[in-house]
Amino acid sequence: MEDLVASEKQIIASQDAASDLARANGVERDYELKCELINTCMQQEIGFGRYQWQLFCLSGLGWLADNLWLQGLAVVLPQVQQELNPKYVEYAVLAEFAGMIVGATLWGVLADIIGRKVSFNATLFIGGIFGIAAGGGLNFVAFSSLIACMGFGVGGNLPVDGALYLEFIPPSHQWTLTLLSVWWAFGQLVASLISWVFIANYSCNPSIPFGECPRSENMGWRYTLFTLGAVTFAIFVMRYFVFDLQESPKYLVAQGRDEEAIAVLEHIARRNGTTMSLKVEDLHRISGSKVSSTAPTSWRDSLRRSFTDVSLSHVKPLFSTGRLALNTSLIILIWGLIGIAYPLYTSYLPLYLESRGSSSGSTSLNETYRNYAIVSVLGIPGSLIACYVVDLTRGTGRWTIGGRKFSLAAFTLLSGIFMFLFTTSTTQASVLGYSCANGLVQNAMYGILYAYTPESFPGPHRGTGDALCAGLNRIGGFIAPLIKIATTPATGSVSANTANGPVFVSATLFVVSALVTLLLPIETAGRGAL
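Residues numbered from 1 in each chain as written. Predicted model: local features only at pLDDT ≥ 70, side-chain atom pairs only at ≥ 80, totals over all residues. Heavy atoms only, no water.

A. Focus on the packing of aromatic side chains. Tallying each qualifying case throughout the model produces 28 aromatic pairs. Ring centres 5.7 Å apart and planes at 85° place the aromatic pair W53 and F56 in the edge-to-face group. One end of the pair, W53, and the other, F56, are both in helix α4 (residues 50-84), 3 residues apart, so they sit about a helical turn from each other. Assessed through its relative accessible area of 6%, F56 is described here as buried. In textbook terms, an aromatic cluster arises when at least three aromatic residues are bridged by ring pairs, as seen for W63, W184, W335, Y342, Y446 and Y450. R239 extends its terminal NZ or CZ atom over the ring of F120, reaching a point 3.7 Å from the ring centre. (Phe/Tyr/Trp six-rings, centres within 6.5 Å; stacked < 30°, edge-to-face > 60°. Helix = DSSP H or I, 4+ residues; strand = E, 2+ residues; numbered from the N terminus. Buried < 20%, exposed > 50% of the residue type's maximum accessible area, 1.4 Å probe, protein only. Lys NZ or Arg CZ within 6 Å of the ring centre and 35° of its normal.)

Here you go:
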């Protein structure tokens, strides 16, 4: 407690010096000083305990659901194509990312307007309901429409989850934001195992021509989607009915609701079995004992106000200084480039594995999905490696060569290199080996990217910043199928040779993204999030 009181006096005494820093970070001086008090309270008194571990698991399950559907659609595409016989099966991916573009942008922006809590719960409810419904699609148009609605829900989940989780953890444990990416890797693994069970056992023979495969003999992909939808809905139930989620205290102080912020912190302290000395008077003292009289009383009031007074109030601060504007622009660009590169490879990986398996003498569905499961398993240690690296770069005196930026650039570059090598593979062993290497370094890359992005944005506008990144990322995902269509036959199928075109494009974009990463002016390692 004495340490917290001393920190409080030091923070309040340095208000003038903090003004310049606050402007550089794109936030108000009062908000930054209050966040420093909250960070100190979280670090020295509340700690990382039961509440944070439960939130870690539920946020992680949200990340699992996001990749569950990215990979889940990928693994069912060959069977959807064989049964429904669309002109371009890639239109299903277009539909998914169209929904994700709207969802990522809308839910991320709403997180800054109505709070993190509503967006955190609503996204997976929508995703689960429409995901289950997609399994019953009678034709390709109905199937793609339901997939788009699913994408609207799931697409907004990931940017909101990262922002919410970051604002509940002490600075010493911000590395666990990178550890969340292990759930992303598990999402791919779960999708591959579920599809392996159903598709390998309940699908038409691959030799049956497109459009001649009866539904009764091709239920595997439908069972897969039913299961993925049920898993997503179960995660929503755990979030909404089991876990007592609190609104972000940093969002609350940004809205002038200091009393509610203190009540949230006291609730977390009780859950963790600790006590705290921070009082609402300490926050009032920073703002001159003024409490916002215009603070909305509910998320409905906030939403109503946002529509009656439309502005760019959460966008402009992200570009308020030259340094912050450059960093925001570059990180959004990186997300856009990776948004094209990642799904251009992973969304069609089962097709690539099947085509290259055929060229090397293997045509077994069981072997194709077995290999996909192996690739998925290798993504898990990639996330753990990323977590270890960013922990070493958090101001410990070791590995200070480049912090998150250098690590992100390295893993992104390796992703491009292994993709180029994938195009040279001529045996089943080399195809599987390069695919596994890709899975490892790409999950490490995403782990660092997902940690760096919310850390680099100021708290009051973090949801909007994440939304801009996620939105452009999903736009990139929308473009990826168009590239796939342009570089493969009109049937949408691929051969060992035609698969190289989209993979070459993907690899090049990863290399470019790595170079852009080195230009980021802000390093977040060792710095508490505002």
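Moving on from the model shown.
B. Structural detail: the state of the cysteines. In total, this model carries 1 disulfide according to the counting rule given. The disulfide partner of C204 is C213, and the S-S distance across this bridge is 1.9 Å. One quick way to see it: the torsion about the S-S bond of C204 and C213 is about 85°, and its sign makes the bridge right-handed. You'll find C204 and C213 in the same group, each marked buried. (Disulfide = S-S within 2.5 Å.)

C. Local environment of empty space enclosed by the protein. Tallied over the full model, the rule gives 4 cavities of 30 Å³ or more. Here the largest cavity defines a volume of roughly 130 Å³. Lining the largest cavity are 13 residues, with L158, P159, W335, Y450 and D466 positioned closest to its centre. Listing elements by their share of the lining of the largest cavity, those giving two or more residues are α8 (157-166), α20 (428-456) and α21 (462-487). A total of 5 residues in the lining of the largest cavity trace back to one element, the largest contributor, which is α21. For the lining of the largest cavity, the per-class residue count stands at 8 nonpolar, 3 polar and 2 charged. (1 Å grid on protein atoms, 1.4 Å probe; cavity = no way out; pocket = protein on both sides within 12 Å on 5 of 7 lines; lining within 4 Å. Points joined across faces, edges and corners; volume = space filled by probe spheres on them. Nonpolar A, V, L, I, M, F, W, Y, C, P; charged D, E, K, R; others polar.)

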